[in-house]
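Observations on chain architecture
The residues making up each chain are set out below.
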Amino acid sequence: MSCNSRIANQKGFTLVELLVVLVILGLLAALVGPKLFPKLGKGKQAAAKAQIELLEQALDQFRLDVGRYPTTQEGLAALVADPGDEKWDGPYLKKGVPNDPWGKPYVYTCPGTHGEFDIVSYGRDGKPGGEGEDKDVTNWE
């Protein structure tokens, strides 16, 4: 058997067949992608809401021990590091204070304008207000 006959017997895909498959995959991605991407934004909004609820629980535990919520100056860092209060029995968060799903820190104020404290994530754009994925996620809504 010569080298030429071995090459003729090998099976494979032609360039045209590969291009057809790539075009089909591109069409599928174009159809499915727009329906999938809006759900990613809703998922980040839900994750931010869940993190805010966990922060609220940690703040409530802090208040039970210390008798007050952390001040705005102490911030959420008081849940992880002792702010100098002898009644502090933390840390109240296992892994430190998380950033919001967009990588920005949560805004904490105490006293808050909507309750004893306010926790806000300004969404994807990092600015107050907005719609969709840019919408603020708060502890009072």
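To start, this report covers the structure provided alongside it. (Residues numbered from 1 in each chain as written. Predicted model: local features only at pLDDT ≥ 70, side-chain atom pairs only at ≥ 80, totals over all residues. Heavy atoms only, no water.)

**Some thoughts on the overall build of the chain**
Looking only at helices and strands, the chain has 2 helices and 3 strands in total. Order of helices (α) and strands (β) in the chain, N terminus to C terminus: α-α-β-β-β. Out of the 141 residues belonging to the chain, those deemed buried represent 27%. Accessible surface computed for the chain: about 9,800 Å², of which carbon and sulfur atoms make up 61%. (Helix = DSSP H or I, 4+ residues; strand = E, 2+ residues; numbered from the N terminus. Buried < 20%, exposed > 50% of the residue type's maximum accessible area, 1.4 Å probe, protein only. Areas by Shrake-Rupley, 256 points an atom, 1.4 Å probe, with all protein chains shown as cover.)

**Topic: the side chain of aspartate 100**
Inspection of the secondary structure puts aspartate 100 in the loop between helix H2 (15–66) and strand E1 (107–109). Put simply, aspartate 100 is tucked away with no salt bridge, and the nearest opposite charge, on lysine 104, sits 5.8 Å away. Within the structure, aspartate 100 has its side chain in polar contact with the side chain of serine 121 (distance 2.8 Å). Setting aside residues up to four positions removed in sequence, aspartate 100 forms contacts with Gln51, Tyr106 and Ser121. (Lys, Arg positive; Asp, Glu negative; His and termini not counted. Salt bridge = Lys/Arg side-chain N within 4 Å of Asp/Glu carboxyl O. Polar contact = N/O pair within 3.5 Å; in protein donor to acceptor, adjacent residues only side chain to side chain. Contact = heavy atoms within 4.5 Å.)

**Concerning the side chain of glutamine 45**
Within the element layout of this structure, glutamine 45 appears in helix H2. In this structure the side chain of glutamine 45 is engaged in a polar contact, spanning 3.2 Å, whose partner is the backbone oxygen of glutamate 133. Polar side-chain contacts of glutamine 45 include one of 3.4 Å to the backbone oxygen of lysine 135. Not counting chain neighbours up to four residues away, the residues in contact with glutamine 45 comprise Trp102, Gly132, Glu133, Lys135 and Val137.

**Considerations on the sheet that holds strand E2 (residues 118–121)**
Where strands meet in a sheet, backbone hydrogen bonds hold them as pairs that are either parallel or antiparallel. The 3 strands are arranged E1-E2-E3 in an open sheet whose pairing can be described as antiparallel. In this open sheet, the two edge strands, each paired with only one partner strand, are E1 and strand E3 (137–138). With 2 bridges connecting them, E2 and E3 associate as antiparallel partners. Each bridged residue has a counterpart across the sheet, and for serine 121 the counterpart in E3 is valine 137. (Pairing = 2+ DSSP bridges.)

**Considerations on the pairing of E2**
A two-sided burial pattern is seen for E2, the buried positions comprising Asp118 and Val120 on one face and Ile119 and Ser121 on the other. Both E1 and E2 contribute to a ladder of 3 bridges, which runs antiparallel. Note on E2: the bridge partner recorded for valine 107 is valine 120.

**What about the nonpolar core?**
Counting residues in hydrophobic clusters, the biggest one holds 21 residues, and the most contacted among them are Leu59, Leu79, Tyr108 and Ile119. At 7 residues, H2 tops the list of elements feeding residues into this core. The residues contacting tyrosine 108, other than those within four sequence positions of it, are Leu59, Tyr69, Pro70, Thr71, Thr72, Gly75, Leu76, Phe117, Asp118 and Ile119. (Core = buried A, V, L, I, M, F, W, Y, C linked by side-chain atoms within 4.5 Å.)

**As for the environment of aspartate 60**
Of note, aspartate 60 is situated in helix H2. Separated by 32 residues in the primary sequence, aspartate 60 and tyrosine 92 place their C-alpha atoms 9.6 Å from one another. The residues touching aspartate 60, leaving out its near neighbours within four places in the chain, are Tyr69 and Phe117. A polar side-chain atom of aspartate 60 sits 2.8 Å from a polar atom in the side chain of tyrosine 69.

What is shown is where atoms sit, not what they do.
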